[in-house]
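Analysis of the macromolecular model
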Amino acid sequence: MNELFWQTTLLVFFYFLAFFIIAQVIKNNSIVDMGWGAGFVLVAFYTLLAQGAFVERNILLVALVTIWGGRLAYYIVKRNWGKPEDFRYAKWRQEWGRLLIPRAFLQVFMLQGFLMLVVGYPIILVNAHPLPGLNWLDFIGLLVWVIGFIFESVGDKQMAEFKKDPANKGRIIDIGLWKYTRHPNYFGEATMWWGIFLIALSVPQGYTAIISPLTITLLLLFVSGVPLLERKYKDNPEFQEYAKRTSKFIPWFPKKS
C-alpha cells in the first residue's frame, strides 16, 4: 500500500506539473479544472494495472471513476475551451502580482494534486487490496454513486440547456433539479464519493477512506464550490429570492413564497 501510494503521488505531481507549465505558456491557470476529472481516471488505471488487481470490486471502482471522471473532463473542456481565464483565477492573477507564478504553482496546481490524492485515497486503497467477490456494501455504494451521478450529470445538462436559450441570459435557473437544490452538481459529486467510500469499506482499513467524502463535501460546501459561486451572485436580487426558497445543498422541496 505504501509503495503504491508514493508511486501515485509522483504520478500526480508530474501530471499537475505538466498542466502548470502549459498554463504559464498560455497564461490561463483555470485549465487546472480540465485536469481534475481526468486525473482521477489516470490514478484509477495506474493503481489497477500496477497491482494487477483485476477482481470484481476493483474493476467496478475503476469503471465508476472512469465514467465520472471522463464525463466531467469532457464537460469542463467543452465548456471552457477557447474561453478566457475563469473569473476566480483571473482575480487571483490580479491579486498575486509578482508572486503569481510561485503562488499558482503551490496554491492552484500542487494543492489540486494534494486534494486529488486525499479524495482519490479510496481508489488507491481498494486497488492495493484486490479481494475477489462483491457484497452488500458494494451494491449499496453503487446505488449511492448512481444517485450522485444522476444529480451531477443531469444538473450540468439542465444548466447547459438553460444557458443556450438567449431569453435566459442573466437569469437564475430554478427548474429541474435546480428547483430542489441550488447546487445539484456539487451535491452529486459529494454523493458519488460517499458511494465510493462504502465500496472501500470492504477492504482492510477501509474505514480510513472516510477522509475522501468528508474532504470533498467540506470543500464543496465551505471552500471552493458553493461559497465562491454564491458570492458571485450576492448582489443579484433574483438569486437572493431563489436562495430563500431553495435548499442550499441537500435536495428538498422548495419553500412556498
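Residues numbered from 1 in each chain as written. Predicted model: local features only at pLDDT ≥ 70, side-chain atom pairs only at ≥ 80, totals over all residues. Heavy atoms only, no water.

Structural notes on the overall build of the protein
What counts is decided by this rule: Segments assigned H or I by DSSP are reported as helices when at least four residues long, segments assigned E as strands when at least two residues long, and all are numbered from the N terminus. Just to be clear, the radius of gyration here is over C-alpha atoms, and the globule rule we use is 2.2 Å times residues to the power 0.38. Summary of the burial criterion: residues with accessible area below 20% of their type's maximum are buried, those above 50% are exposed, and those between are partly exposed, where the area comes from a 1.4 Å probe applied to protein chains only.
The number of helices and strands found in the protein is eleven helices and zero strands. In the protein, the succession of helices and strands from N to C terminus is α-α-α-α-α-α-α-α-α-α-α. In summary, the protein has a C-alpha radius of gyration of 19 Å against a globular reference of 18 Å for 257 residues, a match within 12%. Summarising its shape, the C-alpha atoms of the protein cover approximately 55 × 50 × 25 Å along the three principal directions. Taking all 257 residues of the protein together, 51% fall into the buried category.

Here we look at the pattern of salt bridges
Defined as follows: Salt bridge criterion: a side-chain nitrogen from Lys or Arg within 4 Å of a carboxyl oxygen from Asp or Glu.
Within the structure shown, the criterion is met by 13 salt bridges. Linking D33 and R88 is a salt bridge whose minimum nitrogen-to-oxygen distance equals 3.0 Å. In this pair, D33 sits in the loop between α1 (2–26) and α2 (34–51) while R88 sits in helix α4 (residues 87–96), placing the two residues 55 residues apart along the sequence. There is no split in this pair, since D33 and R88 are both buried. Here the salt bridges do not stand alone but share partners, grouping D33, D86 and R88 into one network.

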